[in-house]
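# Examining the three-dimensional arrangement
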Amino acid sequence: NRVIGILGGGQLGRMLSVAASRLGLRCHIYEPDAAPAGDVAYRLTNASYEDRAALRAFAESVDVITYEFENVPTSALDLLESIRPISPNRRALAVSQDRLEEKTFLNGIGLATAPFADVPDERDLPAALAQIGTPSILKTRRMGYDGKGQVRITDPAQAEWTGAPSVLEGYVEFSAEISVIIARAADGQIAAFDPGLNVHQGGILRSTTVPCGLSGKITTDAVLIAAKIVNELDYVGVMGVELFVAPEGLIVNEIAPRVHNSGHWTQAGCAVDQFEQHIRAVVGLPLGDGRRHADIQMENLIGNDIDRLPELLAEPGVQLHLYGKGEARPGRKMGHLNRIRS
Ligand code: ATP
Ligand code: MG
Ligand code: MG
């Protein structure tokens, strides 16, 4: 029985390990944070990404390494990869760790992104603003998630600095946000889930709805874009591709080289969900049937949303997932639910 090493002990790693467990596989999770989500279905190592002895022991205890978190330091990845294969590959990680590299890569393969400018330092901001204009969004190149590290700029005179090397993006007047969750196997087989309609609040995903209600042309184009990205990267695993539906066409917002919050609906909507699809891909099993058999609305439970737990537990047609995290701080993802609509 092969053991899968997962970098990152958040809810995504937890749900990956549950999927692996159903396939009779074991997981070993590496998590620098002292209090990761959950407690079951895997062995845990709590050690930093600088702890070379712990990294080495972790790598030697597993057969293949994957991740639920793309911001693992390069030095740790170099060491891990000298011992065991990492899937998805390092190029996919490098491209998605850095918004400047990500957009440059996407444009380089002919895909549209928001107009952007490199802003290495605060003193480069005026020139970038002159080029991109307003409204625009300044985003740190690295480490941002859930809208963190972002500054919206409407008046150049009042622009704030993010505090780290950034990109300035032109604001896209989108009519909708969608995402494609796509899996690719080592032999090039691809399975894409139906695109979902995403609603964000305060930079955090609030809900995903499938079907997304957009035309077949848009959804097919979105899947083709996602397929192009994973093929170009020779990618193995599940990827989340976030897109804006804009008057000028589909625009790629960002890619996540892992299972994705907007793919949680697949747990209730498909025979094989995104977590199992990812595990299958990284251990070299054929991909499963990702066809959607129900209409689903996924809703995140953020912060004190979980105070609604009694009523949510009583709601018919609801599949509830709780991450076993402690305190319900504002903005913290505590769980999600999948409402089965048909
Ligand atoms: P995630 O948690 O998805 O990784 P993130 O911190 O990487 O989030 P983004 O996806 O870049 O953040 O942006 C968060 C949200 O902000 C987007 O889903 C979208 O609603 C809005 N947004 C980001 N960039 C733009 C843009 N250029 N134009 C318009 N809206 C944008
Ligand atoms: Mg992101
Ligand atoms: Mg995003």
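The structure displayed is predicted, hence computed values, not measured ones.

## Focus: the nonpolar core
- L16, I182, A226, I229, M239, V241 and L243 are the most contacted members of the largest nonpolar core, which totals 64 residues.
- Here the element with the most residues in this core is strand 13 (residues 237-246); it accounts for six residues.
- There are two domains that each give this core at least three residues, and those are domain 1 (3-86) and domain 3 (176-340).
- By size, the runner-up hydrophobic cluster in this structure holds 13 residues, among which are A117, I137, L138 and I153.

## Some remarks on the site of ligand 1
- Close to ligand 1 lie 17 residues, the nearest being A114, Y145, E169, V172 and H200.
- Contributing elements (two or more residues each) for the shell around ligand 1: strand 6 (136-140) and strand 14 (249-256).
- When its residues are assigned to classes, the shell around ligand 1 shows five nonpolar, five polar and seven charged.
- Residues lining the shell around ligand 1 come from more than one domain, with at least three contributed by each of domain 2 (115-170) and domain 3 (176-340).

## Comments concerning helix 5 (residues 99-108)
- R99, E102, K103, F105 and L106 are the residues of helix 5 that are buried. What you see down the axis of helix 5 is that its buried residues fit within an arc of 160 degrees, all on one side.
- Tucked into the core, helix 5 has its buried residues touching helix 4 (90-97), strand 5 (116-119), strand 6, strand 8 (166-170) and strand 14.
- Positioned one or two residues after helix 5, G110 has a phi angle of 85 degrees, which is positive.

## Some remarks on the domain arrangement of the protein
- By the assigned domains, the protein splits into domain 1 (3-86), domain 2 (115-170) and domain 3 (176-340).
- A separation of 33 Å is found between the C-alpha centroids of domain 1 and domain 2.

## Some words on the packing of helix 1 (residues 11-22) against helix 9 (residues 274-283)
- For the pair helix 1 and helix 9, the least separation of the axes is 8 Å and the interaxial angle reads 70 degrees. Judged by the angle between their axes, helix 1 and helix 9 are roughly perpendicular. In this structure, helix 1 crosses over helix 9, and the sense of that crossing is right-handed. Across from M15, L16, A19 and A20 in helix 1, the residues of helix 9 making contact are F275, E276, H278 and I279.

## Some details on the environment of L77
- Tracing the backbone shows L77 in helix 3 (residues 74-81).
- With 16 residues separating them along the chain, L77 and L93 place their C-alpha atoms 9.9 Å apart.
- When residues no more than four places from it in sequence are discounted, the contact partners of L77 are V72, I86, R90 and L93.

## Structural notes on the sheet that holds strand 4 (residues 64-67)
- If you trace the four strands from one edge of the open sheet to the other, you get 3-2-1-4, paired in parallel fashion. The open sheet has two edge strands with one neighbour each: strand 3 (42-45) and strand 4. Adjacent strand axes in the sheet meet at a mean angle of 25 degrees when their direction is disregarded.

## As for the UniProt feature "domain: ATP-grasp" (unreviewed entry) in the protein
- According to UniProt, the positions carrying the feature "domain: ATP-grasp" (unreviewed entry) are residues 103-283.
- Structurally, residues 103-283 is divided into 25% helix and 34% strand, and its ends, taken at the C-alpha atoms, are 30 Å apart.

## Examining the sheet that holds strand 8
- With respect to topology, four strands assemble into an open sheet ordered 5-8-6-7, the strand pairing being antiparallel. The open sheet is flanked by strand 5 and strand 7 (150-153), the only strands paired with a single partner. Each strand of the sheet is rotated relative to its neighbour by a mean of 20 degrees, with strand direction disregarded.
- Pairing analysis gives four bridges linking strand 6 to strand 7, with the strands arranged antiparallel. Bridge pairing in strand 7 links L138 to V151.

## Points about the environment of A176
- Here A176 is to be found in strand 9 (residues 176-184).
- Separated by 16 residues in the primary sequence, A176 and E160 have C-alpha atoms spaced 27 Å apart.
- Once you skip the residues sitting within four places of it in the chain, A176 turns out to touch L197, L214 and V245.

## Considering the pairing of strand 8
- In terms of burial, strand 8 is largely enclosed, as four of its five residues are buried.
- Of the pairings in the sheet, the one linking strand 5 to strand 8 comprises four bridges and is antiparallel in character. Opposite D118, over in strand 8, you have V167 as the bridge partner.
- For strand 6 and strand 8, the ladder comprises five bridges, and the chain directions are antiparallel. Paired with L138 across the strands is L168, a residue of strand 8.

## Thoughts on the environment of N89
- Of note, N89 is situated in the loop between helix 3 and helix 4.
- When sequence neighbours within four positions are dropped, the list of residues in contact with N89 reads D234, Y235 and V236.

## Side note on helix 2 (residues 52-60)
- Turning to helix 2, its buried residues are L55, F58 and A59. Along the axis of helix 2, the buried positions cluster into a sector of 95 degrees, meaning they face one direction only. Residues of helix 2 that are exposed and point over 90 degrees away from its buried face: A53 and E60.
- In this structure, the buried side of helix 2 is in contact with strand 1 (3-7), strand 2 (26-30), strand 3, strand 4 and helix 3.

Parameters and conventions
- Residues numbered from 1 in each chain as written.
- Chains lettered and ligands numbered in written order.
- Predicted model: local features only at pLDDT ≥ 70, side-chain atom pairs only at ≥ 80, totals over all residues.
- Core = buried A, V, L, I, M, F, W, Y, C linked by C-beta atoms within 7 Å.
- Buried ≥ 20, exposed ≤ 12 C-beta atoms within 10 Å, placed from the backbone.
- Helix = DSSP H or I, 4+ residues; strand = E, 2+ residues; numbered from the N terminus.
- Domains from an automatic or database assignment.
- Near = placed C-beta within 6 Å.
- Nonpolar A, V, L, I, M, F, W, Y, C, P; charged D, E, K, R; others polar.
- Arc of directions from axis to C-beta.
- Contact = placed C-beta atoms within 7 Å.
- Axes fitted to C-alpha atoms, helices over the stretch in contact; angles between N-to-C directions.
- Parallel < 35°, antiparallel > 145°, perpendicular 65-115°, else oblique.
- Left-handed = near helix turned anticlockwise from the far one by under 90°.
- Pairing = 2+ DSSP bridges.
- UniProt positions renumbered as here; feature names shortened; annotations may be inferred.

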